[in-house]
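This is what each chain is made of:
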Amino acid sequence: MQLTGADILIKSLHESGVEVVFGYPGGAALHLYDAMYRQDKVKHYLVRHEQGATHAADGYARSTGKPGVVLVTSGPGVTNAVTGIATAYMDSIPMVVISGQVMLPLIGGDAFQEVDAVGVTRPIVKHNFLIKNVDDVASTMKKAFHIATTGRPGPVVVDVPKDITAQVTEYIWPKDINIRSYPTTPDADVGQVNKAVDALLASRRPVIYSGGGVLLADAEEELIEMVRLLGFPCTNTLMGLGAYPYDDSLFIGMLGMHGTYESNMAMHDADVILSVGARFDDRITGETGTFAPNATIIHIDIDPAQISKSIHAHIPVVGDAKQVLQAMLATLRVAKAKPNEAAIKQWWKIIQGWRAKNSYAYDNSSEEVIKPQFVVQKLHEVTHGNAFITADVGQHQMFAAQFYGFNKTRRWINSGGLGTMGFGLPSAMGVKIAHPDADVACVTGEGSIVMCIQELSTCKQYDLPIKIINLNNRYLGMVRQWQEFFYDRRYSNSYMDSIPDFVKLAEAYGHVGMQITKPSDVEGALKEAFVMKDRLVFMDFITDQKENVYPMIAAGKAHNEMHLRPDFGSDSKSSAKSGTKEK
Amino acid sequence: MRHIISILLENEAGALSRVSGLFSARGYNIESLTVAPTNDSTLSRMTVVTRGSDKVADQIVKQLNKLIDVVKLADLTEGAHIERELMVIKVAASGTQREEIKRLVDIFRGRILDVTESTYIVELTGTSEKLDALISALELTDIIEVVRSGPTGIARGVSALKA
Ligand SMILES: Cc1ncc(C[n+]2csc(CCOP(=O)(O)OP(=O)(O)O)c2C)c(N)n1
Ligand SMILES: [Mg+2]
């Protein structure tokens with residue numbers, strides 16, 4: 001069948017199982033958009049800014065495991081997409097971004113809307129392509145999806161010159177593709193698996209630490225089985241929340257800069273750490289020189305380059321988290337040795353001591369001022385802990401991570417690696433499109449939400465009834481917190497004047513707006529909002545201006561140098577009315 | 001430590017910039033880089049000389065391996081290997097210097113490629129140290145231009161980088 005490059009490209013999306021595309025048209029992409037118009041297999045969502053398209057595709061991918069797909073035009077279209085591509089890259093999210101390009105003969109001549117898309121995106125993609133021949137369109141698309149979704153996933157950019165999309169060729173969808181330099185993921189080395197199991201069984205103070213890789217590998221069942229079989233404490237990174245149920249007694253909470261006291265102390269004092277699908281990022285390790293000084297580190301990762309990058313791994317295991325855990329479980333089930341019961345019991349006693357500090361506790365006694373943590377706790381109650389929660393970046397993100405409580409994977413959608421303000425709303429659109437019957441809430445701040453506020457229009461156009469939980473502290477709160485702690489309260493440019501009337505703003509976009517100012521109204525308002533199944537509700541919670549996120553490991557400090565809330569919750573004075581643990 | 005990393009690369013537009021971009025993005029230093037197609041026209045062979053601890057070298061190798069355009073690579077300094085660099089150097093040569101320089105070039109087994117009344121162009125291949133040695137031996141003369149290829153290398157014995 002003879003088809004144009006544009007038709008072949010859109011057809012190849014369908015062949016690759018793509019159902020939805022997020023995008024924005026422009027000159028270089030017009031043939032592609034015409035091909036999109038003339039078919040009905042792939043649905044296109046028109047966003048209001050290309051950053052929104054990438055985050056929406058990202059939210060779609062994170063919540064489904066399927067690749068997110070983006071279509072943008074050349075020049076400003078693709079540069080607007082850069083932040084979203086980098087966001088996906090940092091969190092290993094499968095994504096294919098198709099960008100129009102000026103005609104081949106014009107490339108390099110500073111043509112109208114020309115930008116070197118391959119060059120600009122090179123450091124933030126798993127791979128990228130510039131198609132130079134219409135005969136290569138189908139095979140390049142096949143390769144792009146293969147690379148984006150296999151191994152350690154990531155974004156792939158396919159740049160297509162306009163003349164290529166107009167040229168005609170025979171359409172052949174390749175059955176297989178061969179990329180000689182792109183190996184398949186090997187099965188875990190049996191010797192390494194045995195070593196890892198031996199180390200775990202010999203441990204006296206073990207911790208199992210898991211990250212986003214467990215979600216990407218769909219390995220949560222194996223993780224849970226492993227933790228329960230051994231009876232060891234388990235902590236999740238910010239990216240890994242939901243892999244282990246938050247309310248299980250073996251879960252010691254989130255790890256890292258704003259993780260629980262018990263998880264960070266346990267990591268510091270551990271003698272064996274099993275890391276699964278996590279990369280010892282600086283927000284996790286704190287100062288690497290003082291990280292877990294006595295621990296034997298077992299590091300399971302699909303990407304060999306993560307192993308011993310920041311922390312030396314004594315027992316590296318390269319492989320897919322699911323396959324490696326299965327191999328370890330098989331070995332464990334038949335192992336003669338058992339965990340050292342007495343030592344583990346003693347270890348749990350120590351951990352319970354740390355846990356008793358109740359490091360997330362906060363003062364919720366005011367009847368006037370809404371605490372952001374309280375809103376998140378109520379959000380959990382009203383949605384029965386079943387909602388998909390997307391977040392922006394800042395204090396509200398940490399409060400959501402600390403207080404929502406996740407029982408399932410792919411429910412917590414946040415930009416952990418790049419920390420992209422503006423991620424929350426568009427990613428929620430992608431989640432809602434993938435899960436139309438589920439509750440989807442975006443926990444955001446008055447700073448972050450305006451970074452992609454234009455997407456409220458997209459939500460209107462496609463009837464995406466997500467709930468926006470704006471924790472409005474009238475500050476770039478996370479910046480203000482650092483300035484309070486480390487810059488002698490010089491609040492340089494962290495206060496924003498002239499914040500919009502979010503209720504009117506929501507209404508202007510055709511949605512429902514609510515403002516909530518009293519703690520006693522929080523629950524009622526949330527219930528009211530979530531009952532409105534077919535409306536987007538923008539909930540503007542006016543929260544405590546100076547609340548801080550605790551506990552905190554300052555950048556460059558060790559795990560056992562954690563700051564606890566000074567006035568509250570750090571010792572026996574603790575009398576929190578609520579904290580995740582005692583709901 | 002000095003590491004010589006030998007890379008078999010897809011002979012495609014942009015492949016070189018992926019490698020050099022990786023070095024700059026991750027803060028690895030490049031002392032020299034040479035690249036040219038091989039007998040298989042779909043492949044280029046690149047040699048990168050870098051300095052760093054073994055840990056850094058290990059990361060470089062792993063990160064390079066992740067590039068889709070990198071087919072195979074090896075750190076030659078991990079085993080016995082041969083390395084060669086080409087230098088072409090233009091020196092002022094007049095009067096009594098002319099004999100002197102010619103003798104030096106002979107000692108180093110170099111060749112004089114071009115002669116004018118006042119200059120020589122000398123070619124020398126060898127290890128980078130040998131090239132350095134000729135440059136310092138020529139110190140007293142007026143060196144007009146130095147062009148060096150940067151080292152290329154190959155493992156000794158039967159082991160080979162092959163697609
Ligand atoms: C695009 C972008 N710019 C700047 C930052 C740095 N930053 C991190 S948190 C933050 C403040 C966010 O303010 P807000 O959304 O109101 O959240 P809050 O911390 O107040 O809850 C800033 C500016 C960022 N993460 N992303
Ligand atoms: Mg704020």
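Provided above is the structure to which this section pertains.
This is a predicted model, so every value here is computed, not measured.

Peer 1: Lay out the nonpolar core in plain terms, naming residues and giving numbers.
Peer 2: Residue and element names in this part refer to chain A. Grouped together as the largest cluster of nonpolar side chains are 103 residues, with contacts concentrated most on Leu-223, Met-328, Ile-469, Met-539 and Phe-541. Not counting the four nearest positions on each side in its chain, Met-539 is found in contact with Ile-468, Ile-469, Asn-470, Met-514, Ile-516, Ala-525, Leu-526 and Ala-529. If you look at the next biggest cluster of nonpolar residues, it comprises 46 residues, including Val-47, Ala-86, Ile-453 and Cys-459.

Peer 1: Explain the site of ligand 1 to me, and be specific about the residues and the numbers.
Peer 2: Residues and elements named next belong to chain A. Neighbouring ligand 1 are 17 residues; Gln-395, Gly-419, Ser-448, Tyr-475 and Gly-477 lie closest to it. Within the contact set of ligand 1, an oxygen atom lies 3.2 Å away from a side-chain nitrogen or oxygen of Glu-446. Take Gly-477: an N or O atom from its main chain is 2.7 Å from an oxygen atom of ligand 1. Considered on its own, ligand 1 offers 590 Å² of accessible surface; in the complex 76% of this is hidden by protein. Among the elements of the structure, helix H16 (395-403) and helix H19 (477-486) are those that each provide at least two residues to the shell around ligand 1. With three residues, H19 is the largest single contributor of residues to the shell around ligand 1. For the shell around ligand 1, the class distribution of residues is seven nonpolar, nine polar and one charged.

Peer 1: Tell me about the coordination of the magnesium ion (ligand 2), and please be specific about residues and values.
Peer 2: In an ideal tetrahedron of four donors about a metal, each angle is 109.5 degrees. In an ideal octahedron of six donors, the angles are 90 or 180 degrees. Protein coordination at the magnesium ion (ligand 2) comes from Glu-446 of chain A (OE), Glu-446 of chain A (OE), Asn-473 of chain A (OD1) and Tyr-475 of chain A (O), with a distance range of 2.0 to 2.6 Å. Assessed through its relative accessible area of 9%, Asn-473 of chain A is described here as buried.

Peer 1: A description of the packing of aromatic side chains should follow, citing residues and the corresponding values.
Peer 2: All names here are of chain A. Per the stated rule, a full pass over the model turns up 18 aromatic pairs over all chains. Centroid distance Phe-502 to Phe-538: 5.1 Å. Interplanar angle 10°. Geometry classified as stacked. A residue pair is termed long-range when its members are at least 10 positions apart, and Phe-502 in helix H20 (residues 502-508) and Phe-538 in strand E20 (residues 537-542) qualify at 36 residues. For the pair formed by Phe-502 and Phe-538, the shared burial category is buried. These aromatic residues form a ring-pair network of at least three members: Phe-22, Tyr-45, Tyr-60 and Tyr-462. Arg-411 extends its terminal NZ or CZ atom over the ring of Phe-388, reaching a point 4.2 Å from the ring centre. Seen from the ring of Tyr-475, Arg-480 lies directly overhead, with NZ or CZ sitting 5.6 Å from the centre.

Peer 1: Give a detailed account of the pairing of strand E18 (residues 467-472) of chain A, specifying residues and quantitative values.
Peer 2: Residue and element names in this part refer to chain A. Within E18, six of the six residues are buried, leaving the element largely enclosed by the surrounding structure. Neither face of E18 is open: one carries Lys-467, Ile-469 and Leu-471, the other Ile-468, Asn-470 and Asn-472, and all of them are buried. Pairing geometry for strand E17 (residues 440-445) and E18, over five bridges, is parallel. Looking at E18, one finds that Cys-442 is bridged to Ile-468. Each parallel crossover has a hand, and for E17 linked through helix H18 (residues 455-461) to E18 it is right-handed. Direction of pairing for E18 relative to E20: parallel, over a ladder of six bridges. When the bridges of E20 are listed, Lys-467 appears paired with Val-537.

Peer 1: I'd like a description of the interface of chain B and chain A, backed by residues and values.
Peer 2: Often, the extent of an interface is quoted as the loss of accessible area on bringing the components together. Chain B puts 19 residues into the contact, and the matching count from chain A is 20 residues. The largest share of the area that chain B buries against chain A comes from Arg-18, Lys-62 and Ile-68 of chain B, three residues that together contribute 42% of it. Put simply, chain B and chain A have two salt bridges between them. Across the pair Lys-66 of chain B and Asp-303 of chain A runs a salt bridge, and its minimum N-O distance is 2.5 Å. Put simply, chain B and chain A have ten residue pairs in polar contact (both at pLDDT 80 or more) between them. Taken together, the elements giving at least two residues each to the side of chain B that touches chain A come down to helix H1 (15-25), helix H2 (54-66) and strand E4 (70-75) of chain B.

What counts as what
Residues numbered from 1 in each chain as written. Chains lettered and ligands numbered in written order. Predicted model: local features only at pLDDT ≥ 70, side-chain atom pairs only at ≥ 80, totals over all residues. Heavy atoms only, no water. Core = buried A, V, L, I, M, F, W, Y, C linked by side-chain atoms within 4.5 Å. Buried < 20%, exposed > 50% of the residue type's maximum accessible area, 1.4 Å probe, protein only. Contact = heavy atoms within 4.5 Å. Near = heavy atom within 4 Å. Polar contact = N/O pair within 3.5 Å; in protein donor to acceptor, adjacent residues only side chain to side chain. Areas by Shrake-Rupley, 256 points an atom, 1.4 Å probe, with all protein chains shown as cover. Helix = DSSP H or I, 4+ residues; strand = E, 2+ residues; numbered from the N terminus. Nonpolar A, V, L, I, M, F, W, Y, C, P; charged D, E, K, R; others polar. Donors = N, O, S within 2.8 Å, 3.2 Å for Na, K, Ca; no water. Phe/Tyr/Trp six-rings, centres within 6.5 Å; stacked < 30°, edge-to-face > 60°. Lys NZ or Arg CZ within 6 Å of the ring centre and 35° of its normal. Pairing = 2+ DSSP bridges. Right-handed = clockwise from strand over helix to strand, strands pointing away. Buried area = accessible area lost by both parts, 1.4 Å probe. Salt bridge = Lys/Arg side-chain N within 4 Å of Asp/Glu carboxyl O.

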